[in-house]
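Structural overview for review
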Amino acid sequence: MIKKILLLLVAIIAVILVVAAFQPAEFRITRSVTIAAPAAVIFPEVNDFHRWAAWSPWEKLDPAMKRTFEGPAAGVGAAYAWEGNSDVGAGKMTIAESRPAEVIRIKLEFFKPMPGLCPTEFTFRPEGAGTNVTWTMSGTKNYGSKVFCLFMNMDKMVGGDFEKGLATLKTNSEAAAKK
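Everything quoted here is computed from the prediction, not taken from an experiment.

On to the sheet that holds strand E6 (residues 116-127), then. An order of E1-E7-E6-E5-E4-E3-E2 is seen for the seven strands of this open sheet, with the pairing classed as antiparallel. Edge positions in the sheet fall to strand E1 (26-35) and strand E2 (66-70), since each of these pairs with one other strand and no more. Ignoring strand direction, the axes of neighbouring strands in this sheet form an average angle of 15°. One ladder, built from five bridges, connects strand E3 (residues 79-83) with strand E4 (residues 90-99); its direction is antiparallel. Bridged to Ala-81 within E4 is Lys-92. In the packing of helix H2 (residues 39-47) onto the sheet, contacts are made with E1, E4, strand E5 (103-112), E6 and strand E7 (130-140), and the angle to E6 comes to roughly 170°. Each of E1 and E7 touches helix H4 (residues 154-178); the most contacted strand, E1, lies at about 25° to it.

Take H4 next. Taking 1.5 Å as the rise per residue, H4 with 25 residues should run 36 Å; its terminal C-alpha atoms sit 36 Å apart, in good agreement. When H4 is considered as a whole, its buried residues turn out to be Val-158, Gly-159, Asp-161, Phe-162, Gly-165, Leu-166, Leu-169, Ser-173 and Glu-174. Along its buried surface, H4 packs onto E1, H2 and E7.

Rules used throughout
Think of each chain on its own: its residues are numbered from 1, step by step along the sequence as written. Whole-chain, interface and lining totals are the exception, using all residues; otherwise, since this is a predicted model, local features are given only for residues with pLDDT of at least 70 and side-chain atom pairs are given and counted only at 80 or more. To obtain the side-chain values, all non-hydrogen atoms of the structure were included, while hydrogens and water were left out. Pairing between strands is defined by DSSP: at least two bridges between the two strands are required. Put simply, DSSP marks the helices as runs of H or I at least four residues long and the strands as runs of E at least two long, and each gets a number from the N terminus on. Here an axis means a line fitted to C-alpha atoms, over the contact stretch when the element is a helix, while the angle between two N-to-C directions is reported on a 0 to 180 degree scale. Between two residues, a contact is recorded if the distance between any of their heavy atoms is within 4.5 Å. Helix span, expected: 1.5 Å multiplied by one less than the number of residues in the helix. Only protein chains enter the accessibility calculation, which uses a 1.4 Å probe. A residue is then buried if its area is under 20% of the maximum for its type, exposed if over 50%, and partly exposed in between.

Structure representation (C-alpha cells):
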C-alpha cells in the first residue's frame, strides 16, 4: 500500500514538473484606469519615487520598511531601493526613460524573496477630458517560477495590487486636479 502511494506521489510530481516545463517563459501584467485629470497632474506622481508612498499599494505593507533614494529627485536616473518584511522583500527601481505626460520606463530589480528583473512601464494617453494610465510589468520566468505559477496566478496577485495602486492614484490625482 505504501509503495502504491509513493508511486502515485512520484507520478504527480513528475506530471507537475513536465507541465511546468511547457509553460510560457514570458509574462506580462497590465492594468489601466482612466483618470479625470490631465497627464500633467498625474505624471509627477509616478515620475518621482518620493511621491509613491501616497499611492503605491506596497508602501503600507511594512511600516518599518527601509527606503533609500539615489540620483535626481525625479526622472531618468532617479532610483528607489527598499528592504522590508516578507510581504515586500527587497529590490530597486530606476527610471530608465521619462517623457513628460507620455511614458515612464522603469528598471525594476527584485533581490528578495526571489531575484528577478521586470521591466515596468507607465503610459499616459489622453482619453476624453481625462487621461488613461496603463501600468505594465513584464519579465521572464525561470523554471522555478514556472512551477510556482502553476499554483499561484501572478496576474491576479500582482494585477490586484496594480488595480489598488491605480485606484489610489486616480483618487489623489482627481482631487489634485479639482484644486
